[in-house]
Every structure is written in C-alpha cells, then in structure tokens.
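Remarks on the overall topology
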Amino acid sequence: MINHKLISYFFKMVLVIVAIVTLYCYIKDDVDYRSKHVMGVELIDKETELQLIKGKKKKDLTRLLLSYNNEKIPFDSETDTIYISQSMKNGKWVGTLTPSKDKYEIYILEDRMFSDKLNAIRKAHHFSYIVIDGDNYYKGKIVYTGLPTVLIKGAANDKLADITVSYPDAEKEENKLIHTKCTFHQRGSASVGYEKFNYKVELCDENGEKEKHSILGMREDDDWLLNGLYTDETKVREKLAYDLWHKMNETADFSVATSNMEYAEVFLNNEYIGLYGIMEPIDGKQMAMKEGDLLYKIRRWSLPEPGNFDLCGNTLDMRDFDGGNLASLKYPKSTDQEFSWEPYREYINSFMSENSANSEITVTMNIENVVDYYWFCQLTYANDNLWKNVYLAAYKEENGNYTFYKTVWDLNYTWGEVWDSPEENLWTQFIWPDGNLLQINDYDKLLREDEVEVRTAEQKRWRQWKESGISADMLCKEAKEWYEHLENSGALRREKRKNPQSESAADIEDLQKWIKVRFDEIDNYFTSRQLEEEGTNNWSTE
C-alpha cells in the first residue's frame, strides 16, 4: 500500500534540500565574487597584471578614464589619483566603478588593505588600478576618503561650470550624488591674499537658472560658500564656534540663526585643492526675514559718519570717503525692493555713539541677544567680531519701528587665535587667556543705561547655558571628536601635504587647555559677581 504522506514528506524534503543547495551556491558565488571584486571591478595579482600589459605601451594618465556610480570622479592629475568618498561607519566598500568608455577594461590590484577599510581611509592608503585600451594601458591610484567630495570643472568668475558633490549615506549603504551646473568665483576680503582661496558657488541648470539642492543635511538652496579654513591649524575652530552659537540659542526666547558648516574635500579642474568647510550664507532666508525686514553686514572697523549715510543714497553698499566698503545691505538683495539705511543710522546713534536719535524711527535691541553675542565673544575670544563681521538683523514691527538682533560670522579668529601682521605666520598668533574681557560698544552703552536689566539677563543666560550642557568638558569633547573625524578621514594628511604653509596641528591639546582656562575665567567672573551682588540685592537671577 502506497504511503502518500511519506511520499509527500519525501518530496518536500527534496525541495528543501534543493533550496538549501541553491542558496548555498548563490551565497558561495556571491562571496567568491566579492572576494575577487571591489566596487564591481575584478581584483588581480601582480602576475596577472604583467600578463595583461605585456606588449602594450604605457600612456600618461592625463584624463579621467573611470566613473563612479555613472558620475565623474574627483581626480588629481598631479598624482594620477582618483578620490572616492566612503562611510567611516562600516567596513563595506560602497558604489560601482565603471570605465568611461565601453572599450576600456579596468582592473584593481589585490591589496590587503581592502580587508581593513577604516585603516585604509585613515592612512590615506593608495590602491592601484590599470586601464587597458587596445595596445595601450594606463596606471593610476585610488584613495578613499571619509569625507564628502566636491568636484568643480570649469572657469571661475561666473562662467558656467560643472559641479558634483558625493557623500556617503551609511544607513542606506550608498553614496548620495548631486550633479548639476554652477558658477563660482573667489570671495573674501583679507583672505584674497591667501594661497588657498575661498569660493562662492551658485548652483544652476544648463540655462543658468537657479537650481536649489540640500547639501549634507543643510538647507535647500543654490548659494553655497567654500571656506578654506586656511589660518586655523586645527581646522576645527570655526566648526566648534558655530556649533556653540547654535547651542547657546537653543535656550533663547528668540533663537538667532547663523551659518552651518560641514567638512568636505574639494577638487578644481583635476587638482586637489584641500580641506574645506561647506557653508550656508547668512542672508534673508537664513534669518527668516519677511518684507520690510533689513539685514546689514558690517565690513570695516570704523563707524559710519553722518556724511556716509548721505552718500550711500539708493545703493546697497555704504562707502567710506576713501571708497572702502563700510557696510552692505544683504536683505533685501535688490534696489527694486523697499529698503532703507535709516534704521542702521538710528542703531549707530542709539547704541554705538553718544549721538542722539534724530529720526521718526525708533530702534531697540533685544537684550537677551545682546547678552548672547557679548558672552559668546568673551567665551571664544572672538576678537575679530566685536564690530567688523557683525550681521545686524533689523526686524520691522507692526508700528513701523525696528528691533535689532546680532549674529556671528567669520569665526576663524576664535579660541585663542588673533590677527597678527607677519605674513609668514599666516597673519595669526595664538595667545593664552589673560582674564580680560573684550569691549563691545552696544553692550557697554546698554549696561550704562540699565545695569540691573543687563546683569540680570546675563546671569540668567549663563545659568541656562550651563544647565543645557555647555561646559569646558563638552567643548573639549566636541573639538576632539571633530579633529579625530578629520584625522580618521585621511583629510588632515592630504591638507598638510597640499598646503604645508598652513601648518596643520599635530593635535589639539593647546586648544583644549585654552578652552578649560577661558571657561573657568568666565565661570569665576559670574560666581564672583553673583556673590558681590547678593549682598546688595540689586538684581535678580530669576
């Protein structure tokens, strides 16, 4: 008698075994393929390489012969090296390398460092590849970076160029790519004399029309800045300072924005030009402005005189009598829109000089913001931001008057670094804290007019910052994390080699010591003032 259940069970087992064997073969083939391929390219040993190039003529690698995920790859023609951005959060090599033409054959030489991805990235290890083109062959190198890459190809000074931004998405195990047109030009004032340039980049389409993209989690926009971080030997001062301003404003009643910055390595026309900070500009969008609001940028240390206001007329720039730029209106951007210099005139009269107000417009300053700006400058010793480099945001009230807020910008001279005249020192000197406080005119005038209000506000804000986690240990920890991030990405090695005059620091111990000393100075100041005032009960900390 036939046992149908047994036969059914037998066939089921056969099917299971077949499925297991099939899965095993698939996995084995996949493992074998992966062990013999990286990023879709076959790995070969030295003997195979010699066989492939035998009888062929070696040609100079003057152009890029490969693409990454079907996009252009950053290429440094001086070293015949392509650079590919990879995540430092896992050990998987992500993306696909393909030849730029079907006739090319590409191979990568076997290398033990392929099994140690993070170490290969940190040490800026050079992997080797060959491209076969009929009777010719080319040899080049591959470097994997732990940072995003920016590739710009084209002429500067607002001519149409190509830009490709590549950065890893560790969670999705893929690389994100932005490829579009752009225009770019050199930017800056004192920095135009640096050997490493800063740039402004405007994204656009093939017709030159603005095209907005979000880069590295920052805002979606067409305007971007490339900050060369030239004078800072640690490369973390500005990042740390901007992050501190954001952290301080998390506890503010009215949070005042500034720029955000993310690191990347930049390539211009097949040349590696170094480590940069990609930054958002400070403009009406960043400051959440509406029609009637005004945004002024201070460009010189000297204060404007009454005649300067008369001369600027219907322009967005206020010139000094020698032709230099004293200040600019950054919002609105066009003279076609309603704008005025009168609120700025009244700000100068009310808070920066002993002049009396002479306009129908009334201007006020947000005390909390005045305190935030003042003590940010004291804590970071932002000596280049006491007047020059300030952005003044004037928000129009319903009654036609204006409330002024200040925000920070251009923070390379912070955390102990100050401007110095010798060019051989990159116009920079490192000084240790001495307990002194920097002078800021609008704060000082408000303090004279109402000491109780200002003292109460600053004691409250200092307590709020500390309660939110701002401390010397927090700042030192963040500085160390960013420095190690740059070090582990391999970018610091390349920056030192490309821009040796910038003298990148071997560590950040001095920076961390400086932070601890300065934070203690400020904390002791508030403690002593608290004790001093408690006896007279002149002001409250509630």
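Figured I'd write up the structure that's included with this text. These figures come from a predicted structure and were not determined experimentally.

1. Let's talk about the overall build of the protein chain
Along the backbone of the protein chain there are 12 helices and 27 strands. The burial tally for the protein chain puts 51% of its 542 residues in the buried class.

2. Notes on the packing of helix α4 (residues 237-249) against helix α10 (residues 472-488)
For the pair α4 and α10, the least separation of the axes is 10 Å and the interaxial angle reads 135 degrees. Here α4 lies oblique to α10, going by the angle between them. The element α4 and its partner α10 pack so that their crossing is right-handed. Residues Lys239, Leu240, Asp243 and Leu244 of α4 lie in contact with α10, whose contacting residues are Leu475, Glu478, Ala479 and Trp482. Partitioning the contact of α4 with α10 into residue classes produces 5 nonpolar, no polar and 3 charged.

3. Structural notes on the pairing of strand β9 (residues 127-133)
Counting buried positions over the 7 residues of β9 gives 6, a clear majority of the element. Where β9 and strand β10 (residues 136-145) come together, 7 bridges link them in antiparallel fashion. Looking at the pairing, Val131 lines up with Tyr138 of β10. What sits between the antiparallel neighbours β9 and β10 is a turn of 2 residues, in which Gly134 has the positive phi angle 60 degrees.

4. Here's the deal with the sheet that holds strand β11 (residues 149-153)
Taken together, 7 strands build a closed barrel; the order of strands is β11-β12-β13-β14-β17-β19-β18 and the barrel is mixed. Strand-to-strand twist of the sheet, defined as the mean angle between neighbouring strand axes without regard to direction, takes the value 35 degrees. Sheet analysis places strand β18 (residues 261-268) next to strand β19 (residues 272-279), joined by 7 bridges and oriented antiparallel. Counted as the bridge partner of Ala264 is Tyr276 from β19. With respect to the sheet, α4 is in contact with β17 (223-227), β18 and β19, its orientation differing from that of β18 by roughly 145 degrees.

5. A word on the side chain of Asn270
Note that Asn270 resides in the loop between β18 and β19. Here Asn270 falls in the buried class, since its relative accessible area comes to 15%. Among all residues touching Asn270, those that are not within four sequence positions of it are Phe75, Asp76, Ser77 and Lys153.

6. Concerning α4
With 13 residues, α4 extends 19 Å from end C-alpha to end C-alpha; this agrees with the ideal 18 Å at 1.5 Å per step. α4 sits mainly inside the fold: 10 of its 13 residues count as buried. Of the positions making up α4, those classed as buried are Arg237, Glu238, Lys239, Leu240, Ala241, Tyr242, Leu244, Trp245, Met248 and Asn249.

7. Digging into a negative patch on the surface
Taken together, Glu233, Asp507, Glu509 and Asp510 make up a surface patch of like negative charges. Following the sequence through the fold, Asp510 ends up in helix α12 (residues 509-534). The class of Asp510 is partly exposed, set by a relative accessible area of 41%.

8. Quick word on the state of the cysteines
A complete count under the given rule lists 0 disulfides for this structure. In this structure Cys204 is a free cysteine whose sulfur lies 6.5 Å from that of Cys182, the closest cysteine sulfur available. Here Cys204 falls in the buried class, since its relative accessible area comes to 4%.

9. Section: the sheet that holds strand β25 (residues 402-407)
An order of β21-β22-β20-β24-β25-β23 is seen for the 6 strands of this open sheet, with the pairing classed as mixed. The sheet is open, and its two borders are formed by β21 (317-319) and β23 (363-365), each paired with just one other strand. The average angle at which neighbouring strand axes cross in this sheet is 25 degrees, direction not considered. Bridging between strand β24 (residues 391-396) and β25 involves 6 bridges; their strand directions are antiparallel. Counterpart to Leu392 in the pairing with β25 is Lys406. Contacting β23 and β25, helix α7 (residues 367-380) crosses the sheet at an angle of about 20 degrees to β25.

10. Quick look at the pairing of strand β20 (residues 294-298)
Counting buried residues in β20 gives 5 out of 5 residues, a clear majority hidden from the surface. Here β20 pairs with strand β22 (residues 325-331) via 4 bridges, running antiparallel. Paired with Lys297 across the bridge in β22 is Ser328.

Conventions we followed
- Here the residue index of a chain counts from 1 through its sequence in written order.
- Reporting of local features is limited, given that this is a predicted model, to residues whose pLDDT is at least 70; pairs of side-chain atoms are given and counted only at 80 or more, and all residues count toward the totals for whole chains, interfaces and linings.
- The basis for the side-chain values is all heavy atoms of the structure; hydrogens and waters are excluded.
- A run of DSSP states H or I qualifies as a helix once it reaches four residues; a run of E qualifies as a strand once it reaches two. Both are numbered from the N-terminal end.
- Buried, partly exposed and exposed residues are distinguished by accessible area as a fraction of the type maximum, computed with a 1.4 Å probe on protein chains only: under 20%, between the cut-offs, and over 50%, respectively.
- Fitted lines through C-alpha atoms give the axes, limited to the stretch in contact for helices. The angle between two N-to-C directions lies from 0 to 180 degrees.
- Angle categories are assigned with fixed cut-offs, so that under 35 degrees is roughly parallel, over 145 is roughly antiparallel, 65 to 115 is roughly perpendicular, and the rest are oblique.
- Note on convention: the crossing is left-handed when the near helix lies turned anticlockwise from the far helix by less than a right angle, right-handed when the turn is clockwise.
- In what follows, residue pairs with any heavy atoms lying within 4.5 Å of each other are defined as contacts.
- Lys, Arg, Asp and Glu make up the charged group, whereas Ala, Val, Leu, Ile, Met, Phe, Trp, Tyr, Cys and Pro make up the nonpolar group; the residues left over, Gly among them, are polar.
- Two strands are said to pair when DSSP picks up at least two bridges between them.
- A helix's residues, less one, multiplied by 1.5 Å, set its expected span.
- Nonpolar side chains (Val, Leu, Ile, Met, Phe, Trp, Tyr) are joined into patches within 5 Å and like charges within 9 Å, using only residues with over 30% relative accessible area and no salt bridge.
- Note on areas: these come from Shrake-Rupley sampling with a 1.4 Å probe, and a residue is covered only by the protein chains present in the view.
- Whenever a carboxyl oxygen of Asp or Glu lies within 4 Å of a side-chain nitrogen of Lys or Arg, that contact is scored as a salt bridge.
- In this tally, Lys and Arg are treated as positive and Asp and Glu as negative; His is ignored, and so are the chain termini.
- For charged residues, the charge sits on one atom: NZ in Lys, CZ in Arg, CG in Asp, CD in Glu.
- Here, a disulfide means two cysteine sulfur atoms that sit within 2.5 Å of each other.

Geometric descriptors of this kind do not, in isolation, establish any biological role.
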